[in-house]
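Structural characterization, general
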Amino acid sequence: MPRFSDHELGMDRKVTRRDFLDGVAVSVAGAAAAVALPGSAQASPTKVRSHASHRHEGHDTPYPPTSTGLRGQQPGAYDVAHAVRDGAFAPGRISDTRETYDLVVVGGGLSGLAAAHLYRKHAGSKARVLILDALDDFGGHARRNEFHVGRTQLLSNGGTVNIDTPSTWSRGARDLLTKDLGVDLRALEATVKADAYAPYSLRSGTLFNSERWGEDRLVIRESGESWASYAAKLPMSEASRAALVRLYTTAEDFYPGLTDAQKKEILARTPYETYLREKLGLDDDALEVVKRGTNGLWGVNVDHVAAADAWATGQPGFGGLELAHTPWPGAGLTPLMHLAETEEDGNFYFPEGNASLARLLVSKLVPQAFDERRPDWREIVTAKADYSRLDDRDNHVRIRLSSTAFQVRNDGKHGAVVDYSQNGHSYRVRAKGVVMACWNSVSSYVLPELPPEQVTAMRYGTKVPLVYARVALRDWRPFARARLSRVSTPSMFFSSFGLPTVTEIGDFRMPHRPELPTVVSLSATPGSPGLICREQHKAGRRNLIRMPFEDFEREIRDSMTRSLGDHGFDPVRDITAVTVNRWAHGYAYEYNSLDDPSLYQPESQRPYAKARRPVGRIAIANSDAEAFGYTHAAFDAAIRAVAHLL
């Protein structure tokens, strides 16, 4: 519960988000459309004409990256898909557009965009491709958040963040990144200014909130401070503090006499929380501080991550086991990737996250969409996309947003038929082949020809629910006064908030002096501890779908004010815009040794491998097809799908 009133938090103050209704620009036309058309919350109140037979025109086309409020999978984006799932969708009269394509891609995320690019690379630049996506922006989870505070442009990722461990990528995925898109990894790494905040001697802190700990207390760990000194400041018992010190400093071998393989076998079957309680003596208070340490990778707390996976990804408590950096039966894909990283890997990061890769792919597919020319990997960050050109009838590749496929089937004469809904109307297009680059669960409902076994396999995994909130500030003087770069909030809705990574790339410079604007990042991975991972993800999804934007915003303002209010932070004055990227269906489900027995079987026997089998002229992509929520997995899935159709 917020400690401050809505008035004190600035909930009644008009900032950018007040010009939007759940993330959609409000106008007379927009308000009318939202009432008249089912699922039209994502429809743009603009001069853009119908996609089927007209050239898009008009300068009032919205620019999704600058939209604030509730973003990500915005309200209305689910409506058609949920109705199809529930057997309640009535398509009405389906208008035949008489459009025919060489390829239709269902899903405009990184996998779908990559599939379109790779198909044309092999079939020829004149190959006609249509990309359909239910969201109002391309890129899927590779989402760009853009703010303007005065004359200052601020950028942040609204989803997938960095190019992770490229030394482990397949040759095809790496060639797509470095050759086709032209990304120079070493030059990209040099754009990150790791020492930008050094003059301010910033530290990290933890907010212990009053509801859980009896009072609001911000505890700061000084640079180089020992764990014993830091723990002495925590509002918990001596026993709890001692357990935390032991967690970070232990050199004890808890399995004396066992081999490396035997230790890993035990750890693969043991939840990390159980290990922390039984081997290191953590109680509820000590666990409260560290329980979310695994959230960023798996979207669940320590209660349902295997201890072996926690060890391989750098979680504390294993200092005395002397484990070899080698795989073991049942290892998850993320741990295996961490074990395989080399000195070649580094911090490869765009200021807008991997939205830059999505934009580079779009610039290849629709060259005229970016400033009349094709920007390179440096220029793409500040290039402005003209969304009115994405679905131009003269394009060889057309990207059709706010469009949800509700039936895709093979057709002996044409290859395949795709029926989709846009703005409350149903349309039909035909293609020689289709790549389903949407979620597996969606494909399981819109592909009527799937055998029952494949339907079951497609519905096995559950997307990880995520929230990435972004807050534009007039300046970050309160952070500088407190000498803080990041604050953990372990007992509140959001896990933490902090200042951005500073980059200088092309014409973009992330401001980093305290008197200048900045964008603060917050994250949350709602779940239901105690359940298996897939059930936790389902519970978290239900909560996110029901949660209105105002509740997210109130949590943001409350946690920041509690933490920084004593250092001059005023949410009424300092916050200029709020964007909440809600991904109720977030990253691909990754198998783990606690919940997924098939992880001990050959890959061909795992549900995700069965789910990605092509059906006639319909191929399956998306990172779900790899059960791995990373950019290179999305690329690998696209490579496999396109190979089937060529």
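As the structure is a prediction and not an experimental result, all values here were calculated from the model. (Residues numbered from 1 in each chain as written. Predicted model: local features only at pLDDT ≥ 70, side-chain atom pairs only at ≥ 80, totals over all residues. Heavy atoms only, no water.)

In this section: helix α24 (residues 631–645). When the terminal C-alpha atoms of α24 are compared, their 22 Å separation across 15 residues agrees well with the 21 Å that a helix rising 1.5 Å per residue should span. Taken together, the buried positions of α24 are occupied by Thr631, His632, Ala633, Ala634, Phe635, Ala637, Ala638, Ala641, Val642 and Leu645. (Helix = DSSP H or I, 4+ residues; strand = E, 2+ residues; numbered from the N terminus. Expected span 1.5 Å × (residues − 1). Buried < 20%, exposed > 50% of the residue type's maximum accessible area, 1.4 Å probe, protein only.)

All right, on to unusual backbone geometry then. Of note, the phi angle at serine 201 is positive, near 50 degrees, even though the residue is not glycine. One non-glycine residue, glutamate 322, adopts positive backbone phi at about 50 degrees. Following the sequence through the fold, glutamate 322 ends up in the loop between α14 (307–312) and α15 (333–340). Taking relative accessible area as the criterion, glutamate 322 reaches 74% and is therefore assigned exposed.

The next point concerns the sheet that holds strand β15 (residues 484–488). Pairing in this open sheet of 8 strands is mixed, and the strands run β3-β20-β14-β19-β16-β15-β8-β9 from one edge to the other. Where the open sheet ends on each side, the last strands, each with one partner, are β3 (69–72) and β9 (217–221). Strand-to-strand twist across the sheet, computed as the mean angle between neighbouring axes with direction ignored, equals 20 degrees. As judged from the 7 bridges shared by strand β14 (residues 464–473) and strand β19 (residues 518–524), these two strands associate in the antiparallel manner. Considered in β19, the bridge of alanine 469 is made with leucine 522. Helix α21 (residues 549–564) contacts β3, β8 (203–208), β9, β14, β15, β16 (496–498), β19 and β20 (575–587) of the sheet and is inclined by roughly 120 degrees relative to β20. (Pairing = 2+ DSSP bridges. Axes fitted to C-alpha atoms, helices over the stretch in contact; angles between N-to-C directions. Contact = heavy atoms within 4.5 Å.)

Residue placement: serine 156 occurs in strand β7 (residues 152–157). Accessibility expressed as a relative area gives 5% for serine 156, which makes it buried. Looking at serine 156, its side chain comes within polar contact range of the side chain of arginine 470, at 2.8 Å. When residues no more than four places from it in sequence are discounted, the contact partners of serine 156 are Arg143, Arg144, Asn145, Pro351, Glu352, Arg470, Val519 and Ser521. (Polar contact = N/O pair within 3.5 Å; in protein donor to acceptor, adjacent residues only side chain to side chain.)

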